[in-house]
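Here is how the chains run, residue by residue.
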Amino acid sequence: MRKASFQGCTVPSSTPPMPNTIAPPRTNEIESRQVAEAAREEQWKRASFMRDLFEGRFSLGLIHPPPAPDPEESARAEVFLERLRSFARDHIDGDAIDRDGWVPEAVLDGLRELGAFGIKIPREYGGLGLSQVTYSRALGIVASACASTGAFLSAHQSIGVPQPLSLFGTESQKQRYLPRVARGALSAFALTEPEVGSDPANMSTHAEPTDDGSTWLLNGEKLWCTNGPRAEVMVVMARTPPRQGVRSRRPITAFIVETDWDGVEVVHECSFMGLKGISNGVIRFQNVRVPSENIIWKEGEGLKLALVTLNTGRLSLPAFCTAAGKVALEISRRWSAERIQWGQPIGKHDAVAQKLGRMAADTFAMEAGSELAAAMADAKTFDIRLEAAIAKMWHSETALELANEALQIRGGRGYETADSLRARGETPYPVERALRDLRINLIFEGTSEIMRLFIAREAVDRHLAIAGDLVDPRAPARKRISAAFRSAVHYMWWYPSRWIGWGRWPRYGEFGALAPHLRFVDRTARRLARSLFHSMVRFGAGLEKRQAVLGRMVEIGAECFMMTAACIHARKLLRENPDDRSPEELADLFCRQARERIAFRFRTLFRNQDKVAYEVARHAMDGRYAWLTEGVLNPSLEGVQPQRK
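Residues numbered from 1 in each chain as written. Predicted model: local features only at pLDDT ≥ 70, side-chain atom pairs only at ≥ 80, totals over all residues. Heavy atoms only, no water.

Comments concerning the overall build of the protein chain
Thinking step 1. Helix and strand content of the protein chain: 23 helices and 9 strands.
Thinking step 2. For the protein chain, the C-alpha radius of gyration of 26 Å lies close to 26 Å, the compact-globule estimate for 645 residues.
Thinking step 3. Reported as C-alpha extents along the three principal axes, the dimensions of the protein chain are approximately 75 × 70 × 65 Å.
Thinking step 4. Expressed as a percentage of its 645 residues, the buried residues of the protein chain come to 54%. (Helix = DSSP H or I, 4+ residues; strand = E, 2+ residues; numbered from the N terminus. Rg over C-alpha atoms; globule rule 2.2 N^0.38 Å. Buried < 20%, exposed > 50% of the residue type's maximum accessible area, 1.4 Å probe, protein only.)

Structural notes on unusual backbone geometry
Thinking step 1. Between His 64 and Pro 65 the backbone carries a cis peptide bond, its omega angle lying at -5°.
Thinking step 2. Of note, Pro 65 is situated in the loop between α2 (49-54) and α3 (71-91).
Thinking step 3. Cis geometry is adopted by the peptide bond preceding Pro 506, which originates at Trp 505 and carries an omega value of 10°.
Thinking step 4. Relative to the assigned elements, Pro 506 resides in the loop between α19 (477-497) and α20 (515-539).

Topic: the packing of helix α12 (residues 350-379) against helix α13 (residues 385-410)
Thinking step 1. Remark: α12 packs on α13, axes separated minimally by 10 Å, with the N-to-C direction vectors making an angle of 155°. Considered as vectors, α12 and α13 are oriented roughly antiparallel to each other. When the axes of α12 and α13 are compared, the crossing they make is left-handed. On α13, the residues that touch Val 352, Lys 355, Arg 358, Met 359, Asp 362, Thr 363, Ala 365, Met 366, Gly 369, Ser 370 and Met 376 of α12 are Glu 387, Trp 394, His 395, Thr 398, Ala 399, Glu 401, Leu 402, Glu 405, Ala 406, Gln 408 and Ile 409.
Thinking step 2. Among the residues forming the contact of α12 with α13, the class breakdown is 10 nonpolar, 6 polar and 6 charged. (Axes fitted to C-alpha atoms, helices over the stretch in contact; angles between N-to-C directions. Parallel < 35°, antiparallel > 145°, perpendicular 65-115°, else oblique. Left-handed = near helix turned anticlockwise from the far one by under 90°. Contact = heavy atoms within 4.5 Å. Nonpolar A, V, L, I, M, F, W, Y, C, P; charged D, E, K, R; others polar.)

Description of the confidence of the model for the protein chain
Thinking step 1. For the protein chain, the average pLDDT comes to 92, and 93% of its residues sit at 70 or higher.
Thinking step 2. Taken together, the stretch residues 2-23 has pLDDT below 50 and engages in 36 contacts with residues farther than four places along the chain or on a different chain. (pLDDT = per-residue confidence, 0-100.)

So, helix α9 (residues 171-182)
Note: α-helices contain 3.6 residues per turn, so residues at a spacing of three or four share the same orientation.
Thinking step 1. Taking 1.5 Å of rise per residue, 12 residues should cover 16 Å, and α9 covers 16 Å from first to last C-alpha, within 8% of that figure.
Thinking step 2. Burial in α9 covers these residues: Gln 173, Lys 174, Tyr 177, Leu 178, Pro 179, Val 181 and Ala 182.
Thinking step 3. Elements in contact with the buried residues of α9: α7 (147-159), α8 (162-168), β1 (187-190), β4 (233-239) and β5 (252-258). (Expected span 1.5 Å × (residues − 1).)

Quick word on the nonpolar core
Thinking step 1. Of all hydrophobic cores here, the largest spans 88 residues; its most connected members are Leu 53, Phe 54, Phe 58, Ile 455, Phe 511 and Phe 590.
Thinking step 2. In terms of residues, this core owes the most to one element, helix α21 (residues 547-576), which gives 15 residues.
Thinking step 3. Among residues more than four places away in sequence, those in contact with Phe 511 are Leu 60, His 64, Leu 518, Cys 567, Ile 568, Arg 571 and Glu 584. (Core = buried A, V, L, I, M, F, W, Y, C linked by side-chain atoms within 4.5 Å.)

Let's talk about the pairing of strand β7 (residues 280-291)
Thinking step 1. Bridge count for strand β3 (residues 215-226) against β7 is 9 bridges, and the pairing is antiparallel. Note that in β7 the partner of Thr 215 across the bridge is Pro 291.
Thinking step 2. When strand β6 (residues 264-269) meets β7, the two strands line up antiparallel, connected through 5 bridges. Within β7, the residue paired with Val 266 across the bridge is Ile 283. (Pairing = 2+ DSSP bridges.)

Brief notes about the packing of aromatic side chains
Two descriptors summarise a pair of aromatic rings, namely the distance from one centre to the other and the angle between the planes of the rings.
Thinking step 1. In total, this model carries 12 aromatic pairs according to the counting rule given.
Thinking step 2. Ring centres of Phe 168 and Trp 297 lie 4.3 Å apart, and the angle between their planes is 20°; this geometry places the pair in the stacked category. Separated by 129 residues along the polypeptide, Phe 168 in helix α8 and Trp 297 in the loop between β7 and α10 (302-313) bring together distant segments of the chain.
Thinking step 3. Using a relative accessible area of 16% as the deciding quantity, one classes Phe 168 as buried.
Thinking step 4. Relative accessible area serves as the criterion here: at 32%, Trp 297 is assigned to the partly exposed category.
Thinking step 5. Geometrically, the ring pair formed by Trp 494 and Phe 533 is tilted, given 5.9 Å between the ring centres and 50° between the ring planes. Of the two residues, Trp 494 sits in helix α19 while Phe 533 sits in helix α20, which places them 39 residues apart along the sequence. (Phe/Tyr/Trp six-rings, centres within 6.5 Å; stacked < 30°, edge-to-face > 60°.)

Observations regarding the environment of Ser 487
Thinking step 1. For Ser 487, the position within the fold is in helix α19.
Thinking step 2. Relative accessible area serves as the criterion here: at 7%, Ser 487 is assigned to the buried category.
Thinking step 3. Residues Ser 487 and Val 549 lie 62 residues apart in sequence; the distance between their C-alpha atoms is 23 Å.
Thinking step 4. Apart from the residues within four sequence positions on either side, Ser 487 is in contact with Ile 466, Ala 467, Leu 470 and Met 492.

So, the state of the cysteines
By definition, a disulfide links the sulfur atoms of two cysteines through a covalent bond.
Thinking step 1. Applying the stated criterion across every chain, the model contains 0 disulfides.
Thinking step 2. With no disulfide partner, Cys 567 has as its closest neighbouring cysteine sulfur the one in Cys 591, 3.8 Å distant.
Thinking step 3. Judged by relative accessible area, Cys 567 falls into the buried class, the value being 1%. (Disulfide = S-S within 2.5 Å.)

Remarks on the packing of α3 against helix α6 (residues 132-145)
Thinking step 1. Where α3 contacts α6, the two axes come as close as 10 Å, and the packing angle between them is 10°. As the angle between them shows, α3 and α6 are arranged roughly parallel. Only Thr 134, Arg 137, Ala 138, Ile 141, Val 142 and Ala 145 of α6 make contact with α3, whose side of the interface consists of Glu 73, Ala 77, Phe 80, Leu 81, Leu 84, Arg 85 and Ala 88.
Thinking step 2. A per-class count over the contact of α3 with α6 returns 9 nonpolar, 1 polar and 3 charged.

As for the pattern of salt bridges
Thinking step 1. What the rule picks out here adds up to 46 salt bridges.
Thinking step 2. Residues Asp 419 and Arg 422 are paired through a salt bridge, measuring 2.8 Å at the closest nitrogen-oxygen approach. Note that Asp 419 and Arg 422 are positioned in helix α15 (residues 418-423) at a spacing of 3 residues, about one turn of the helix.
Thinking step 3. Note that Asp 588 is salt-bridged to Arg 592, the shortest N-O span being 2.9 Å. Of the two residues, Asp 588 and Arg 592 both sit in helix α22 (residues 582-603), 4 residues apart, roughly one turn of that helix. (Salt bridge = Lys/Arg side-chain N within 4 Å of Asp/Glu carboxyl O.)

Considering helix α17 (residues 448-459)
Thinking step 1. Taking 1.5 Å per residue as the helical rise, α17 with its 12 residues ought to reach 16 Å, and the 16 Å between its terminal C-alpha atoms agrees with that figure.
Thinking step 2. All buried positions along α17 are accounted for by Ser 448, Met 451, Arg 452, Phe 454, Ile 455, Ala 456, Glu 458 and Ala 459.
Thinking step 3. Those residues of α17 that are buried lie in contact with α2, α13, α18 (461-471), α20 and α21.

This is how it looks when you write it as structure tokens:
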């Protein structure tokens, strides 16, 4: 692969067009939705705690006690994690990597020697064969030293070649590629394009079969490909011609592409506000010849492959965020005790104490949620699409808030770089770097907004299966009549059952002081299910447009999941050490504050200012408020005159 000549180089806008590129027509809303629906996992073949909760059932028995780890794996994991911890402490300099914008090859080589690029790859293919729980802990260790270095491991294993190949690869593909990537041949995942973020229907990268069917010619350009500029092999998503038996008229297929093949080129390496050391760029494919045996799974199933891969791939972000929360908490608690203002440590002033208390409780909950989701993935008895998406959304947003609070507690020192602090003799806490690095997690692997829509879609799946045709204006009369009958029969028993249930004392008494919180979740599950039903009745087919309403219901469900995880985690720690009640204290505070957030969202579920805000947004896009932006300089818009209406 021909490399770009300099880290962060730019490519002129006059870059010539790619040959043989067929740009698809811009899809409309219906076509985009059809592509997304075709890629969904339609069946729920395994248990789902959160699917039950959204339907009004608090199935605590599914996850309590949590899945137990394998003792043999745990023993091997401890040895590996200790070696990784020592290496990260002694050889990964996060400040230097941030400053230089580069993860040294020596660091990657050291991780290769430890086997860190094959943590979850089975031992028969040259990997360590360790669990998702161990993988998450490993990512936390590395990310606590340097988030950019952690991103190399995550992009390689969570969404790069190892994960989709382990799930969907043929034995021949596994034998050929898994030992190679386990040894540290960097891999990447190429999906995003300038016109393709959360809407893959607009994908322009395409592959056409040769006449004999043995090879595909790949053409197109991918954007924001993490690891791409330094990768040896990558998974590339491309449109392929419709074939018999392929449902979508815009099928997308996953290909394994080696970056030293002719026609693969890095045309630009991107730089960002955070994660300065990651290798991320624009990759161009010009008549790249890809053997047919390099199709992963089967033709036309690429987008579904990506979504299934992300069910576990997203769990890397909760691991990163938990580590960041722990670092932010440690820095904040030390500074709160050391810094004296107005005659006492700042942590004794209520304004700071409130921040520190919430940071401790939220960090505990992040650890609980990350560990539980990873354990559920290891058990292989759960469908974790909802739990993984919720953990990704909740952890990424919470970790950013904690880093922001840590900066506020540190004051000017929080805003100052670690290098500057070090140069003048102060402890170089990297708070501002952490804040910059964490911001991308609200965008990585599904933005927070898309996560809410994804979770909401899965949450109402059962309702749509029963009453979808009833609220679909495009459905023919025959289907609507059938749906009306189905709905009447189903909801005649379902709706009353969501009012009846025992969420009072003495249920969950084994949790002691935390039992009231679980009883609250039990009651809230039924209330949330009723609210979902009320919203479908109230808005009908327009519900999908009421994204703020859906978002509030998703947030209620997320808080319920995190409350449950916190109580389970505290119970586990108390059993291991009955003399230490601190886990119970942290879980109790977290649940109390989560209950306040849930109450607020229920209050504003239907009584809110959403319609007013939406109208103002439309006027803003139309230029009605262009006068509001006058009087300032914006060099990036020089020559572009706003129109006032």
